[in-house]
Amino acid sequence: MVLEPFQKSAALSLGVELELQLVNTHDYDLAPYSDEMLRLMAKYTLPGSVVPEMTSSMIEISTGVCETPSQVLAELSQIRDALVKCADKLNIAIVGGGTHPFQLWHERRIYDRPRFRELSELYGYLSKQFTIFGQHVHVGCPDPDAALLMLHRMSRYIPHFIALSASSPFVQGQDTQFDSARLNSVFAFPMSGRAPFTLSWDEFGQFFSKTTRTGVVKSMKDFYWDIRPKPEYGTIEIRVFDTPLTVERAAALAGFVQALASWFLHEQPFMPQEDDYMVYTYNRFQACRFGLDAVYVDPPTGQHMPLRDHIVQTLRRVGDHARKLGASHGVQLLSEDAELGTNDARWLREKQGRERLLAEVVRQGALRFRGRE
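The structure contained in this document is the topic of the report that follows.

Each value, and the rule that gives it
Throughout, a residue's number is its position along its own chain's written sequence, starting from 1. Given that the model is predicted, a residue must reach a pLDDT of at least 70 before its local features are reported, and side-chain atom pairs must reach 80 or more before they are shown or counted; all residues, however, enter totals for whole chains, interfaces and linings. Hydrogens and waters are ignored; side-chain quantities use all the structure's heavy atoms. For this analysis, a nonpolar core means a set of buried residues of the types Ala, Val, Leu, Ile, Met, Phe, Trp, Tyr and Cys, connected via side-chain atoms within 4.5 Å. Any residue under 20% of the maximum accessible area for its type is buried, any over 50% is exposed, and the rest in between are partly exposed; the area is computed with a 1.4 Å probe on protein chains only. Elements are defined by DSSP. Helices are runs of H or I of four residues or more, strands are runs of E of two residues or more, and each kind is numbered from the N terminus. By the convention used here, residues are in contact when the closest approach between their heavy atoms is within 4.5 Å. Here an angle of 0 to 180 degrees is reported between the N-to-C directions of two axes, which are lines fitted to C-alpha atoms, with helices fitted over the stretch in contact. To sort the angles, those under 35 degrees are grouped as roughly parallel, those over 145 as roughly antiparallel, those from 65 to 115 as roughly perpendicular, and the leftovers as oblique. By convention, the crossing between two helices is left-handed when the near helix turns anticlockwise from the far helix through less than a right angle, and right-handed when the turn is clockwise. Amino acids outside the nonpolar list (Ala, Val, Leu, Ile, Met, Phe, Trp, Tyr, Cys, Pro) and the charged list (Asp, Glu, Lys, Arg) are all regarded as polar, and Gly is one of them. Here, any two strands with at least 2 DSSP bridges between them count as paired. The rule is short: rings of Phe, Tyr and Trp, with Trp giving its six-membered ring, pair when the centres are within 6.5 Å, and they are stacked under 30 degrees, edge-to-face over 60, tilted in between. Note on geometry: a ring has a charge over it if NZ (lysine) or CZ (arginine) is within 6 Å of the ring centre and within 35 degrees of the ring normal.

## Points about the nonpolar core
Across soluble globular proteins, nonpolar side chains show a tendency to be buried alongside one another. Counting 96 residues, the largest nonpolar core has Met37, Leu83, Met154, Phe161, Ile238 and Leu260 as its most contacted members. The dominant element in this core, judged by the number of residues it contributes, is helix H9 (residues 247–267), at 13 residues. Filtering out sequence-adjacent residues up to four positions away, methionine 154 remains in contact with Phe161, Ile227, Ile238, Val257, Leu260, Ala261 and Phe264. Counting residues in hydrophobic clusters, the runner-up holds ten residues, among them Met58, Ala93, Phe133 and Val362.

## Details of the environment of phenylalanine 6
Within the secondary structure, phenylalanine 6 sits in the segment before strand E1 (14–24). Between the C-alpha atom of phenylalanine 6 and that of proline 229, which follows or precedes it by 223 residues, the distance is 8.9 Å. The residues contacting phenylalanine 6, other than those within four sequence positions of it, are Cys141, Asp143, Pro144, Ala147, Trp201, Lys230, Pro231, Gly234 and Thr235.

## Digging into the side chain of threonine 211
Topologically, threonine 211 is positioned in helix H8 (residues 201–213). When residues no more than four places from it in sequence are discounted, the contact partners of threonine 211 are Val216, Val217 and Phe223.

## Some remarks on the environment of alanine 74
Mapping alanine 74 onto the fold places it in helix H2 (residues 69–90). What makes alanine 74 partly exposed here is its relative accessible area of 46%. For the pair alanine 74 and arginine 228, spaced 154 residues apart in sequence, the C-alpha to C-alpha distance is 26 Å.

## Some details on the packing of helix H11 (residues 307–317) against helix H13 (residues 328–340)
Contact pair H11 / H13: the axes reach a minimum separation of 9 Å and the direction vectors enclose 160 degrees. Considering the angle they form, H11 stands roughly antiparallel to H13. For the element pair H11 and H13, the recorded crossing hand is left-handed. Facing H11, whose interface residues are Arg308, Ile311, Val312, Leu315 and Arg316, H13 presents Val331, Leu334, Ser335, Ala338, Glu339 and Leu340. Grouping the constituent residues of the contact of H11 with H13 by class yields seven nonpolar, one polar and three charged.

## Some words on the pairing of strand E2 (residues 49–52)
Taken together, the four bridges between E2 and strand E3 (residues 58–62) define a ladder with antiparallel strand orientation. Each residue of the ladder has a partner; that of serine 49, found in E3, is serine 62. The turn linking E2 back onto E3 is made up of five residues.

## As for unusual backbone geometry
Negative phi values dominate among residues other than glycine, just as trans dominates among peptide bonds. With phi around 65 degrees, tyrosine 28 is a residue other than glycine that occupies positive phi space. Considering the arrangement of structural elements, one finds tyrosine 28 in the loop between E1 and helix H1 (34–41). The residue glutamine 268 is not glycine, and still its phi comes out positive at about 45 degrees. Tracing the backbone through its elements, the reader meets glutamine 268 in the loop between H9 and helix H10 (280–290).

## Concerning the packing of aromatic side chains
Within the structure shown, the criterion is met by 15 aromatic pairs. Each ring, one from tyrosine 157 and one from phenylalanine 264, has its centre 6.0 Å from the other, and the planes form 40 degrees; the classification is tilted. In this pair, tyrosine 157 is assigned in the loop between helix H5 (144–154) and helix H6 (158–165) and phenylalanine 264 in helix H9, connecting sequence segments 107 residues apart. The exposure classification of tyrosine 157 matches that of phenylalanine 264, with both residues buried. Here phenylalanine 161 and phenylalanine 241 contribute two aromatic rings whose centre-to-centre distance is 5.1 Å and whose plane-to-plane angle is 35 degrees, an arrangement assigned as tilted. In this pair, phenylalanine 161 sits in helix H6 while phenylalanine 241 sits in strand E11 (residues 235–242), placing the two residues 80 residues apart along the sequence. We note that phenylalanine 161, like phenylalanine 241, is buried. A connected cluster of aromatic rings, assembled from ring pairs, spans Phe6, Trp201, Phe204, Phe207, Phe223 and Trp225. Above the plane of the ring of phenylalanine 270 lies arginine 156, whose end atom (NZ or CZ) is 3.8 Å from the centre. Seen from the ring of phenylalanine 178, arginine 289 lies directly overhead, with NZ or CZ sitting 6.0 Å from the centre.

Structural data, given as structure tokens:
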């Protein structure tokens, strides 16, 4: 196996993927309607794509290559509106969120595709437990070495992304006490975690060759890293976001990534080090468990501080880049949420505290996704 060449892409271009829940409208449990949804969606001319995912109660949408967060929002909104129309015809609903609050993993069906069947045979019950829902953000890089440098710089901000997007507090009817329980399912896979610390594409290619020679992996798709290079697109792909409850928040998060990437490219604010990863797993756990109330350990100094304070500082630091990119509105919303300690996990818990019925929380989540709540 040879690592494919890193394709050219426009620096700071964006692409967003969202994995979404299909639920019925009588008890709001997951519903295996992806084939029917795909058939109906094929009648629409839309940007990006709509494809199946691991189990048949999931569907993934993606934008095309976008220049700005407002273009991301426009494309996601267009696809969302078509999804809602198709779901209404089937008497089902579309919901965001990183986990379905009360679905039972053993009831899921693996979608009938060769790769999904192969993964199911390899990973057993983990495949059905992978009925979880994330947002992936691609950002274009000018060349492969710049991509690796950006990947390792971006790794310092993984806790920020987790806390701001967290929307998976409930699993199988229980409050997990995590803001992002979804990532616990990802961590179970052997090729999850962080990318190796390499800053040149040649060195990364040597790592890839060694790994493929072992037979453990066959392609880049087999790496479930928090951030991975995507040479076929000329991007890095950030994979730790829970799917937000709204497309507006998804676009805001993409704008934050783009503003950070612009700061990295134009100001070269710091050089990443292997030692940055000494606190990586701890910071990631804190963000998953406590969300915006997490403690953040600054990698270069070892200073402990509230994660929300570091998020606000970071958003201010990239403010000029956000303005130039048209990302100011979304970045400002994220900053306000950080200061208030508000994310989608909190919204879900507050709804459950009021309703005392997770099915009703899902119903209201479906209204929120379609822009009516």
